[in-house]
Amino acid sequence: MSSSPVAPRVTLLAGGVGGARLAHGLALALPDGGAPDDEGRGLTAVVNVGDDTERHGLHVAPDLDTVVYTLAGANDEDRGWGLQGETYATLEQLTRLGEDTWFTLGDKDLATHVVRTAALRAGEPLSAVTARLAAALGVRARILPVTDDRLRTLVDTPSGRVAFQEYFVRRRHADAVLGLTFDGAATALPAPGVLDALTGADVLVVAPSNPFLSVDPVLAVPGVRAAVETSTARRVAVSPIVGGRAIKGPAAQILETLGHEVSALGVARLYAGLVDVMMIDDADAALAGPIRDLGLDVVVTDTVMGGPAGRERLAHELLAAVGHRAP
């Protein structure tokens, strides 16, 4: 009689909508919503904080919140971010009072930022308040900001250097990206649990997040890239580029302006040495050979995640591809 499979220790590097959706799929595929057991078997998401910002005196953490809201089943699926059933009375009143409200914050979403900001001002680290917020929303998986320290992504454009949210939201990521700086990364420390989650993983996943805006800020924190490069886990990345286009966001434009091929192969070249396996979409099956030539294993499948069923399917395929089957 064969024994039942044991859940693996899965660590996901994530940011943005693609990271949140794969985190959701993995949480659905793993037992107990991905809640780590006493031996760490389950899901840990290490999340980008380079796009954190301060608005109206509040600390806003868009990637952390998108991951948490998605895992809680509370996110606005149509937009990919924010909460379902939002109202905007506070934002409307801020506009009447003369505030610049180009960064949209809903009334329910504001509650998250109020609680976070108060906790941070009281000395609670970002990782601790994130865990508390996630638990309050019923999230079982472990969500870790890559660092508790201040880290901000700055974007070099033809008109100068701008803060990430200025580029991404206010200017609707229309500028050509000439370079990126991760301000504060050099002196930041990995948040408690981050390095252990990377070095102790059985499966290490790079989500189909923007390689430059979501993954690179995570890798820029000292110790994180080295932990990924030397990990004994099976390491797999899901391409965010399908058929030469990004599923969401400006990944394709940034690949082009920074001189990379706009394709799943271009992404694979970025991740060579960091991962062992690339998952690419059926639309890019012709690129499997060139990606294998980089020394990577390749899985060709439907990587476009729609609703929960599609996310869970992809998560099961990912785990199977690296030799694990969720119980």
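Report on the accompanying structure. In this text, all values refer to a predicted model and were calculated from it rather than measured experimentally. (Residues numbered from 1 in each chain as written. Predicted model: local features only at pLDDT ≥ 70, side-chain atom pairs only at ≥ 80, totals over all residues. Heavy atoms only, no water.)

## Here's the deal with the overall build of the protein
So, step 1. Along its length, the protein carries 13 helices and 14 strands.
So, step 2. On C-alpha atoms alone, the protein measures out to a radius of gyration of 19 Å, which is about the 20 Å that the 2.2 N^0.38 rule sets for 327 residues.
So, step 3. In terms of overall dimensions, the protein has C-alpha extents of about 65 × 45 × 40 Å along its principal axes.
So, step 4. Across the 327 residues of the protein, 52% fall into the buried class.
So, step 5. Surface summary for the protein: the accessible area is close to 13400 Å², and the carbon and sulfur share equals 52%.
So, step 6. Charged side chains in the protein number 28 positive and 40 negative. The centres of these two groups are separated by 1 Å. (Helix = DSSP H or I, 4+ residues; strand = E, 2+ residues; numbered from the N terminus. Rg over C-alpha atoms; globule rule 2.2 N^0.38 Å. Buried < 20%, exposed > 50% of the residue type's maximum accessible area, 1.4 Å probe, protein only. Areas by Shrake-Rupley, 256 points an atom, 1.4 Å probe, with all protein chains shown as cover. Lys, Arg positive; Asp, Glu negative; His and termini not counted. Charge placed at Lys NZ, Arg CZ, Asp CG, Glu CD.)

## Focus on the packing of aromatic side chains
So, step 1. The tally for this structure, following the rule as stated, stands at 3 aromatic pairs.
So, step 2. With 5.9 Å between their ring centres and 85° between their planes, tryptophan 102 and phenylalanine 103 make a pair best called edge-to-face.
So, step 3. The class of tryptophan 102 is partly exposed, set by a relative accessible area of 21%.
So, step 4. Residue classification places phenylalanine 103 among the buried residues on the basis of a relative accessible area of 7%.
So, step 5. Ring-pair connections join several aromatic residues into one group, and the members of that group are Phe164, Tyr167 and Phe168.
So, step 6. Across from the ring centre of tryptophan 81, 3.9 Å away, lies the NZ or CZ of arginine 79, which sits over that ring. (Phe/Tyr/Trp six-rings, centres within 6.5 Å; stacked < 30°, edge-to-face > 60°. Lys NZ or Arg CZ within 6 Å of the ring centre and 35° of its normal.)

## Looking at the packing of helix H4 (residues 107-121) against helix H5 (residues 126-136)
So, step 1. It is at 10 Å that the axes of H4 and H5 come closest, and there the two elements cross at 145°. Seen from above, H4 lies across H5 with right-handed handedness. Here H4 contributes Thr112, Val115, Arg116, Ala119 and Leu120 to the contact with H5, which in turn contributes Leu126, Val129, Arg132 and Leu133.
So, step 2. Grouping the amino acids of the contact of H4 with H5 by side-chain chemistry returns 6 nonpolar, 1 polar and 2 charged. (Axes fitted to C-alpha atoms, helices over the stretch in contact; angles between N-to-C directions. Left-handed = near helix turned anticlockwise from the far one by under 90°. Contact = heavy atoms within 4.5 Å. Nonpolar A, V, L, I, M, F, W, Y, C, P; charged D, E, K, R; others polar.)

## Some remarks on the sheet that holds strand E14 (residues 297-301)
So, step 1. On the basis of which strands lie adjacent, the open sheet formed by 7 strands has the order E5-E2-E1-E9-E10-E13-E14 and parallel pairing. Two strands bound the open sheet, and with one partner strand each, they are strand E5 (142-145) and E14. Pairs of neighbouring strands in the sheet enclose a mean axial angle of 20°, with direction left out of account.
So, step 2. Seen against the sheet, helix H11 (residues 264-271) touches strand E9 (203-206), strand E10 (234-238) and strand E13 (277-281) and runs at an angle of roughly 165° to E13. (Pairing = 2+ DSSP bridges.)

## A look at unusual backbone geometry
So, step 1. One non-glycine residue, histidine 56, adopts positive backbone phi at about 55°.
So, step 2. Along the chain, histidine 56 falls in the loop between strand E3 (53-55) and strand E4 (58-60).
So, step 3. In this structure, histidine 173 is a non-glycine residue whose phi angle is positive, near 40°.
So, step 4. For histidine 173, the position within the fold is in the loop between helix H6 (164-170) and strand E8 (179-183).
So, step 5. Accessibility expressed as a relative area gives 25% for histidine 173, which makes it partly exposed.

## Focus on the nonpolar core
So, step 1. Counting residues in hydrophobic clusters, the biggest one holds 91 residues, and the most contacted among them are Leu22, Ile143 and Met278.
So, step 2. Sort the elements by how many residues they give to this core and helix H1 (residues 16-29) lands first, with 6 residues.
So, step 3. Once you skip the residues sitting within four places of it in the chain, methionine 278 turns out to touch Ala237, Ser239, Ala264, Val267, Ala268, Tyr271, Ile291, Leu296, Asp297, Val298 and Val299. (Core = buried A, V, L, I, M, F, W, Y, C linked by side-chain atoms within 4.5 Å.)

## Concerning the environment of aspartate 51
So, step 1. Structurally, aspartate 51 can be placed in the loop between strand E2 (42-47) and E3.
So, step 2. Along the primary structure aspartate 51 and threonine 153 are separated by 102 residues, whereas in three dimensions their C-alpha atoms are 6.1 Å apart.
So, step 3. Excluding residues within four positions of it along the chain, aspartate 51 makes contact with Pro62, Asp63, Phe164 and Gln165.

## Some points on the sheet that holds E8
So, step 1. In spatial order, the strands read E7-E6-E8; together these 3 strands make up an open sheet with antiparallel pairing. Looking at which strands have only one partner, the edges of the open sheet turn out to be strand E7 (160-163) and E8. Along the sheet, successive strands turn relative to each other by an average axial angle of 25°, direction set aside.
So, step 2. With respect to the sheet, helix H8 (residues 211-219) is in contact with strand E6 (152-157) and E8, its orientation differing from that of E8 by roughly 35°.

The values reported here are purely geometric and, on their own, carry no functional implication.
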